[in-house]
Amino acid sequence: MKSEEDGRGDYVRKVRERTREYLRDVLTENETLRANVANLQNERSFLEDRVKERQQELDSYRAQHERLRRQLDQIEAENRRFSEQFLDIEQQNANLANLYVASCRLHSTLDRQKVLDAIQEIIINLVGSEELGVFESSDVEPALALVSHFGIEPSRYAKIPFGAGLIGRTAAIGDAYIASRHNGAGRLPHESDLTACIPLKLDGKVLGAIAIFKLLEQKAGLEDLDIELFDLLATHAATALYCTRN
Amino acid sequence: MALKKILLVDDAETILLMEQMFLSKGAYDFVTAKDGEEAVEVAQSELPDLILLDVVMPKLDGFQACARLRQSAATSGIPIIMVTTRGEGANVERGFESGATDYITKPINGLELVSKVKSYLGD
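Just so we're clear, the structure is a prediction, and the values are computed from it rather than from any experiment.

As for the sheet that holds strand β1 (residues 132-137) of chain A
All names here are of chain A.
Right, so step 1: Taken in spatial order, the 6 strands of this open sheet run β3-β2-β1-β6-β5-β4, and their pairing is antiparallel. Lying at the two open borders of the sheet, with one neighbouring strand each, are β3 (159-161) and β4 (177-178).
Right, so step 2: As defined by bridge partners, β4 adjoins strand β5 (residues 196-202) across 2 bridges and the pair is classed as antiparallel. Opposite Ile178, over in β5, you have Ala196 as the bridge partner.
Right, so step 3: Seen against the sheet, helix α2 (residues 112-127) touches β1, β2 (143-150) and β6 (205-212) and runs at an angle of roughly 70° to β2.
Right, so step 4: Helix α4 (residues 224-243) rests against β1, β4, β5 and β6 of the sheet, and its axis sits at about 45° to β5.

Put into structure tokens, the structure is as follows:
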């Protein structure tokens, strides 16, 4: 009986002993876990601070990116403007080159035939027409006489009285006729393809005219430069032709 | 550095002057010829880097001159830009058949000419 009680007592002691050990372990584990939680909280706080810092950096980079993008847009717009201006200037240079060459060609000789050839070359190569006639005013009657031609039937234009048709009217009034800008009333049948007629004037007096008929196929119409060339021809071709008169 | 040499061929003095004016801003040397026969001779003696060749010319027209230039070993590789009054397909096709590299039409647009020349010779 006693040994049975002793056995139970041992068992209870052992259980208590184990329970105490278990409790110690649990408490130790608990301490460890508390320490871990504290560490993790510290770490979390540290990481949250880092995230905030990174977020601020990111915001700053975004703002900088936006600023740079706006600057880039401005630079690109400016670049486009400069490119357009550059093209404009290049075009103006090309136009000036045309006018310079035309002027050079007209005044580079006192030979009548060469001046007439130069006028033809200017119309063919600079204006872009292979149908033209150059007329001079007659000394004996108010009429134009054909003195040079290219690509037209000369017999139809040999003599044109002042005031007759668009060419004769140009000579009579001394103002250029441009088909795309003026009314073609009074046009004669052989003037149906007339694109422009330029009076050749010196000191306000009409010395002749240049009639330009069909333009080359690839030339859609007269441009501003052509009108400037006509202005140049009106005086310079007249002067050049006048200087070749004996 | 040696300047790139361009042979300008046209029987019209106006065109020769114009082409030189338009291209004068580039670093180019110019030689000229006034007909197809002279163009072939000058090309063989000067060996230009590029030829601007008119189509309608006395003695030898641009197509014939171009074909002759292509037959000669010395000039067969030179880029030839035909300068034509007519831009119709058949005319352009004939230019390419005779060996032209490219073409432009009259009246010459200065910007187009400069751009085409630059595309073959660089800036």
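As for helix α3 (residues 165-173) of chain A
Residues and elements named next belong to chain A.
Right, so step 1: Within α3, burial applies to Gly165, Leu166, Ile167, Gly168, Thr170 and Ala171.
Right, so step 2: Where α3 is buried, its residues meet β1, β2, β3, β4, β5 and β6.
Right, so step 3: Once α3 ends, the next one or two residues include Gly174, with phi positive near 80°.

Structural notes on a negative patch on the surface
Residue and element names in this part refer to chain A.
Right, so step 1: A cluster of like negative charges, contributed by Glu223, Asp224, Glu228 and Asp231, occupies part of the molecular surface.
Right, so step 2: Tracing the backbone through its elements, the reader meets Glu223 in the loop between β6 and α4.
Right, so step 3: A relative accessible area of 47% places Glu223 in the partly exposed class.

Describing the packing of aromatic side chains
Right, so step 1: Across all of its chains, the model carries 2 aromatic pairs over all chains by this definition.
Right, so step 2: Where Tyr157 of chain A meets Phe213 of chain A, the ring centres are 5.2 Å apart and the plane angle is 55°; that geometry is what we call tilted. Residue Tyr157 of chain A is found in the loop between β2 and β3, and its partner Phe213 of chain A is found in the loop between β6 and α4; the two are separated by 56 residues along the sequence.
Right, so step 3: When the centroid spacing of 6.1 Å and the interplanar angle of 85° are considered together, the rings of Phe96 of chain B and Tyr103 of chain B count as edge-to-face.
Right, so step 4: Residue classification places Phe96 of chain B among the partly exposed residues on the basis of a relative accessible area of 40%.
Right, so step 5: According to the relative accessible area criterion, Tyr103 of chain B is partly exposed, its value standing at 29%.
Right, so step 6: Cation over ring: Lys116 of chain B sits above Tyr103 of chain B, and NZ or CZ is 5.5 Å from the ring centre.

Some words on the domain arrangement of chain A
All names here are of chain A.
Right, so step 1: According to the domain assignment, chain A consists of domain 1 (1-108) and domain 2 (111-243).
Right, so step 2: Approximately 1100 Å² of surface area, both sides summed, lies buried where domain 1 meets domain 2, with 72% of it carried by carbon and sulfur atoms.
Right, so step 3: Interface area lost by domain 1 to domain 2 is led by Leu99, Arg105 and Leu106, which between them contribute 55%.
Right, so step 4: Among the ionic pairs, Glu121 bridges to Arg105, the shortest N-O distance being 3.1 Å.
Right, so step 5: Here domain 1 is connected to domain 2 by 2 residue pairs in polar contact (both at pLDDT 80 or more).
Right, so step 6: Classifying every residue of the side of domain 1 that touches domain 2 by side-chain character gives 3 nonpolar, 4 polar and 1 charged.

Things to note about the nonpolar core
Right, so step 1: Within the largest apolar cluster, 54 residues are counted, with the highest numbers of intra-cluster contacts made by Ile119, Ile210, Phe230 and Leu233 of chain A together with Ile6 and Leu23 of chain B.
Right, so step 2: Here the element with the most residues in this core is α4 of chain A; it accounts for 11 residues.
Right, so step 3: Looking at which domains feed residues into this core, each of domain 1 (1-108) and domain 2 (111-243) of chain A supplies at least three.
Right, so step 4: With residues up to four places along the chain from it excluded, the contact list for Phe230 of chain A reads Val127, Ile178, Ala196, Ile198, Ile212 and Leu222 of chain A.
Right, so step 5: The next biggest cluster of nonpolar side chains, apart from the first, holds 21 residues, and it includes Leu53, Leu60, Phe63 and Leu69 of chain B.

Looking at empty space enclosed by the protein
Residue and element names in this part refer to chain B.
Right, so step 1: Across all of its chains, the model carries 1 cavity of 30 Å³ or more by this definition.
Right, so step 2: As a volume, the largest cavity reaches approximately 60 Å³.
Right, so step 3: Lining the largest cavity we find Val55, Phe63, Met82, Thr84, Asn91, Val92, Gly95, Phe96, Ala100, Asp102 and Tyr103.
Right, so step 4: Broken down by secondary-structure element, the contributors of at least two residues to the lining of the largest cavity are β4 (80-84), α4 (89-97) and β5 (102-105).
Right, so step 5: In terms of residue count, the dominant contributor to the lining of the largest cavity is α4 (4 residues).

Rules behind the numbers
- Residues numbered from 1 in each chain as written.
- Chains lettered and ligands numbered in written order.
- Predicted model: local features only at pLDDT ≥ 70, side-chain atom pairs only at ≥ 80, totals over all residues.
- Heavy atoms only, no water.
- Pairing = 2+ DSSP bridges.
- Helix = DSSP H or I, 4+ residues; strand = E, 2+ residues; numbered from the N terminus.
- Contact = heavy atoms within 4.5 Å.
- Axes fitted to C-alpha atoms, helices over the stretch in contact; angles between N-to-C directions.
- Buried < 20%, exposed > 50% of the residue type's maximum accessible area, 1.4 Å probe, protein only.
- Patch = residues over 30% accessible without salt bridge, like charges linked within 9 Å, V, L, I, M, F, W, Y side chains within 5 Å.
- Areas by Shrake-Rupley, 256 points an atom, 1.4 Å probe, with all protein chains shown as cover.
- Salt bridge = Lys/Arg side-chain N within 4 Å of Asp/Glu carboxyl O.
- Lys, Arg positive; Asp, Glu negative; His and termini not counted.
- Charge placed at Lys NZ, Arg CZ, Asp CG, Glu CD.
- Phe/Tyr/Trp six-rings, centres within 6.5 Å; stacked < 30°, edge-to-face > 60°.
- Lys NZ or Arg CZ within 6 Å of the ring centre and 35° of its normal.
- Domains from an automatic or database assignment.
- Buried area = accessible area lost by both parts, 1.4 Å probe.
- Polar contact = N/O pair within 3.5 Å; in protein donor to acceptor, adjacent residues only side chain to side chain.
- Nonpolar A, V, L, I, M, F, W, Y, C, P; charged D, E, K, R; others polar.
- Core = buried A, V, L, I, M, F, W, Y, C linked by side-chain atoms within 4.5 Å.
- 1 Å grid on protein atoms, 1.4 Å probe; cavity = no way out; pocket = protein on both sides within 12 Å on 5 of 7 lines; lining within 4 Å.
- Points joined across faces, edges and corners; volume = space filled by probe spheres on them.

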